[in-house]
Amino acid sequence: MLPNRFQETMETSHHNHQNPAFIGDDGRSTASTVVISSNSPVPGATAAGRDNADQEAGAGKLSEERATWGKGVEFLMSCIAMSVGLGNVWRFPFTALDNGGGAFLIPYLIVLFLIGKPIYYLEMVIGQFSSRGSVKVFDLCPAMKGVGIGQALQVFMLSTYYAALVAIIGRYFYESFRNPLPWAKCHEEWGSNCIDSAPDARNWLPQDPQDPQDPQDDQPIQKNYTINDESQRVRTSSEWYFVKEVLHEKHDIIDGIGLPNWELVIGLFVAWLCVFLIIRRGVKSSGKASYFLAIFPYVIMGVLLIRAVTLPGAADGILYFIKPQWGKILDPKVWYAAVTQCFYSLSVCFGNIIMYSSFNKFGHNVHRDAAIVTGLDTITSLLAGFTIFGILGHLAHEIGTDDIGTVVKGGAGLAFISYPDAIAKFKQLPQIFSVLFFLMLFVLGIGSNIAMTSCSVTAIRDRFPHFKQWQCSLFIAIISFAIGLMYITPGGQYMLTLVDFFGASMIALVLGIAELYTIGWIYGTDRLCKDIEFMLGRKVGLYWRLCWSIFTPLIMTVILIYFYATYEPLTYNDKIYPGWAYSIGWTITAFGILQLPVWMIVAIVRDPGRTLGEKITGAFTPTKNWGPLDPLLREQYHKEIDNELTPKRGQGVWPAIKQNIFG
């Protein structure tokens, strides 16, 4: 919690002024003492009286214009529920698996320190400082409004397939009440290359009929050998259940993706119904739900972690997870995967963080919250990694292989194969653990989707404020439900992978880089740091300045260049997509990225400048109403920022660069 009173000192001032915009986390105005310029229109003798009169009116106006979190902790819990989600439990383990296990951890932690944490804090700051959503926040540079619009489109696409994943989770949750669990035993129609996931199973591998067998034992002799035919690869019953019973997955999508599975349609409807009910009243309702959405998953994760590490062979899997393969560390693909994982895990450069922080009280301690969320997110990813790799180690032990990386395929299926397999091995009441686990996944998915959908709703309502919250929420939910039907067809996982790659990974990098250069160099790192000092009353360290101005945008630019230089056609389960699918993918990417030049041209044309040069300059300059939402505080801010930025202007390029980086 912030202290009830803090001071900012200006060298050029000597009059105190009560600031009505500084409102504490308890919802009450604080008597913050802010010193402003001596040319303030408010005389010192009457400042206190005027501010007391303005305080209630200012706070009332703020509450009418934009809702705020009921308590500061609701913002923190909402950020945890948003950032700690399927990206940790689902994406992080299989990303690590695909990139050499422990070799992935070192790049991931470095990227987190140089990219994830700086961007998270930056987006919290600009959202809270301006009280604007992810699109309107680019009033700081109207020419780059396309960044916000592109991110809004991107996060909308993500929310559609996140809900589809939640629908699959709902199917597993429903089936978890059955005894025995339907994925615990092999079904005859799945063929002979199946081993039961249940602990008392007669697990067996296909064998040569000429092999000897003990006449006193009706159980086949287990043997290990290599199978070259993928169709004859030995699979657990949990994997077969996911592919055959849940997805009804097609071998390819050359002839189309098929029709939606009616059972998953029900799950998709329930997922969007939950999202709508929680966000229908904005942060007033979602803030209350955030306590459960943030805390409950950790209880179940702890139970599953304890179970996973006690399974035979789990130590081998965990060792594979934490032991670096040094050759992989120099592979740029691993670094690219680490960057995209940061984006997914922390939800940076999607607009969600800007949106959530825009509902904060001015002066809320986002520096503390950013440190808590990024640290907790990393810990959660590691816990999920220990859990999933412990399970994979056990699966390798059961099948009889030493190669952890070939035990099971990656992708979304990892969470729906390895976790159910571990649950099926519980000898006593596995249904209880299964119900709790999939309820945890459901809560994680809903928590993340609430943030993404709220981002879309906020972007629309910032532009059309007369559009009511519940109307906008319902509209987004209906449209997203219709689009989400595509992901619950037999070819749905093909489409999910396609949209994930072209609509998320590629767009997020480009727009993220544009966002960083816009804020770091067009708006200016130095000005951003002065905004933070004005808002929080604290100096900004050199680490943040160097990351925002140099390290973070530079690393992301290098990663992006490498990605396009080494681009290979996307595949799913080693199968190449048909031409029409690649066309859809590149169209999605182009539509998101082209928002940049389109809205840049629009901003230049709309600028009131007389000449082209004036129009361009104006389009890359913050709007007149940029700054804090409260008019009195905004006026004070503009006077201060003009005094701070004027002295070193016009002194040449290198002095300007030095000032931008070091202040």
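Residues numbered from 1 in each chain as written. Predicted model: local features only at pLDDT ≥ 70, side-chain atom pairs only at ≥ 80, totals over all residues. Heavy atoms only, no water.

1. Looking at a nonpolar patch on the surface
A contiguous nonpolar patch, built from W262, I266, F269, V270, L273 and L277 and spanning about 590 Å² of accessible area, is present on the exposed surface. If you trace the backbone, W262 turns up in helix α7 (residues 262-279). With relative accessibility at 59%, the residue W262 sits in the exposed group. (Patch = residues over 30% accessible without salt bridge, like charges linked within 9 Å, V, L, I, M, F, W, Y side chains within 5 Å. Areas by Shrake-Rupley, 256 points an atom, 1.4 Å probe, with all protein chains shown as cover. Salt bridge = Lys/Arg side-chain N within 4 Å of Asp/Glu carboxyl O. Helix = DSSP H or I, 4+ residues; strand = E, 2+ residues; numbered from the N terminus. Buried < 20%, exposed > 50% of the residue type's maximum accessible area, 1.4 Å probe, protein only.)

2. With respect to the confidence of the model for the protein
Per-chain confidence: the protein averages 81 in pLDDT, with 82% of residues scoring 70 or above. Summarising per-element confidence for the protein, the mean pLDDT is lowest in strand β3 (residues 33-36) (33) and highest in helix α20 (residues 595-606) (96). The low-confidence segment residues 1-64 (pLDDT under 50) makes 113 contacts with residues lying over four places distant or belonging to another chain. Throughout residues 201-229 the model reports pLDDT below 50, and contacts reaching past four residues in sequence, or to other chains, amount to 37 contacts. (pLDDT = per-residue confidence, 0-100. Contact = heavy atoms within 4.5 Å.)

3. Some words on the layout of surface pockets
Picture a little ball the size of a water molecule; that probe, rolled over the atoms, points out where space is still empty. Approximately 970 Å³ is the volume found for the second largest pocket. For the lining of the second largest pocket, the elements supplying multiple residues, two or more each, are α5 (145-175), α15 (430-463), α16 (469-484), α20 and α21 (612-619). Broken down by class, the residue content of the lining of the second largest pocket amounts to 19 nonpolar, five polar and nine charged. (1 Å grid on protein atoms, 1.4 Å probe; cavity = no way out; pocket = protein on both sides within 12 Å on 5 of 7 lines; lining within 4 Å. Points joined across faces, edges and corners; volume = space filled by probe spheres on them. Nonpolar A, V, L, I, M, F, W, Y, C, P; charged D, E, K, R; others polar.)

4. Remarks on the pattern of salt bridges
Side-chain pairs of opposite charge can arise where the charged atoms are in close proximity. As enumerated under the stated definition, the model contains eleven salt bridges in all. Measuring nitrogen to oxygen at the nearest pair gives 3.1 Å for the salt bridge that ties R171 to E175. One end of the pair, R171, and the other, E175, are both in helix α5, four residues apart, so they sit about a helical turn from each other. Each member of the pair, R171 together with E175, is buried. Taking the shortest distance from any N to any O, the salt bridge between D526 and R545 comes out at 3.2 Å. Separated by 19 residues along the polypeptide, D526 in helix α17 (residues 492-536) and R545 in helix α18 (residues 542-565) bring together distant segments of the chain. The same class applies to D526 as to R545, namely buried.

5. Re the nonpolar core
In this structure, Y120 and Y161 are the most contacted members of the largest nonpolar core, which totals 177 residues. Considering each element in turn, this core owes the most residues, 25 residues, to α17. Not counting chain neighbours up to four residues away, the residues in contact with Y161 comprise W90, Y344, Y487, L496, V499 and D500. (Core = buried A, V, L, I, M, F, W, Y, C linked by side-chain atoms within 4.5 Å.)

6. A short note on empty space enclosed by the protein
Using the criterion set out here, one finds eleven cavities of 30 Å³ or more in the structure. By volume, the largest cavity is sized at about 120 Å³. Secondary structure elements with two or more residues in the lining of the largest cavity: α2 (72-83), α3 (86-98), α5, α11 (332-346) and α15. No other element matches the three residues that α5 contributes to the lining of the largest cavity. Residue composition of the lining of the largest cavity, by class: eight nonpolar, seven polar and no charged.

7. Quick look at helix α6 (residues 237-247)
Judged by how many residues are buried, α6 sits mostly within the fold: nine of eleven residues are covered. Among all positions in α6, only S237, S238, E239, W240, Y241, F242, V243, V246 and L247 are buried. H248 sits one or two residues past α6 and shows a positive phi near 50°.

8. Remarks on unusual backbone geometry
With omega at 0°, the peptide bond leading from N179 into P180 counts as cis. Tracing the chain through its elements places P180 in the loop between α5 and β4 (194-195). In this model, H248 sits at a positive phi of 50°, which is unusual for a non-glycine residue. Along the polypeptide, H248 turns up in the loop between α6 and α7. Its identity is not glycine, yet S347 carries a phi of approximately 65°, on the positive side. In this fold, S347 is placed in the loop between α11 and α12 (352-357).

9. Digging into the packing of α3 against α5
Between α3 and α5, the least distance of the axes is 13 Å, while the angle of their chain directions is 90°. Taken together, the axis directions place α3 and α5 in an arrangement best described as roughly perpendicular. Within the contact between the two elements, α3 uses L86, G87 and W90 and α5 uses Y161, Y162, L165 and I169. For the contact of α3 with α5, the per-class residue count stands at six nonpolar, one polar and no charged. (Axes fitted to C-alpha atoms, helices over the stretch in contact; angles between N-to-C directions. Parallel < 35°, antiparallel > 145°, perpendicular 65-115°, else oblique.)

10. A closer look at the packing of aromatic side chains
This structure, assessed with the given rule, holds 45 aromatic pairs. With 5.8 Å between their ring centres and 35° between their planes, Y121 and W548 make a pair best called tilted. Of this pair, Y121 sits in helix α4 (residues 105-130) while W548 sits in helix α18; the two residues are 427 residues apart in sequence, bridging distant segments of the chain. With respect to burial, Y121 and W548 carry one shared label: buried. Where F269 meets F481, the ring centres are 6.4 Å apart and the plane angle is 85°; that geometry is what we call edge-to-face. Placement of the pair is F269 in helix α7 and F481 in helix α16, with a sequence separation of 212 residues. Members of the aromatic cluster, connected to one another through ring pairs, are F92, F104, Y108, Y320, F321, F386 and F389. The ring of W240 carries the charged tip of R235 above its face, separated from the ring centre by 4.6 Å. Positioned above the aromatic ring of F464, the side-chain terminus of R463 is 5.0 Å from the ring centre. (Phe/Tyr/Trp six-rings, centres within 6.5 Å; stacked < 30°, edge-to-face > 60°. Lys NZ or Arg CZ within 6 Å of the ring centre and 35° of its normal.)

11. A closer look at helix α19 (residues 579-593)
An α-helical segment advances 3.6 residues per turn. Residues three or four places apart therefore align on the same side. With 15 residues, α19 extends 21 Å from end C-alpha to end C-alpha; this agrees with the ideal 21 Å at 1.5 Å per step. For α19, every residue scored as buried is listed here: A581, Y582, G585, I588, T589 and G592. For α19, the arc enclosing every buried residue in end-on projection is 120°, short of the 170-degree limit, so these residues lie on one face. Exposed and oriented more than 90 degrees from the buried face of α19 are T587 and F591. (Expected span 1.5 Å × (residues − 1). Arc of directions from axis to C-beta.)

12. Examining the state of the cysteines
What the rule picks out here adds up to one disulfide. Note on cysteine connectivity: C186 is disulfide-linked to C194, with sulfurs 2.0 Å apart. As the torsion about the S-S bond is roughly -90°, the C186-C194 disulfide counts as left-handed. Overall, the relative accessible area of 26% leaves C186 in the partly exposed class. (Disulfide = S-S within 2.5 Å.)

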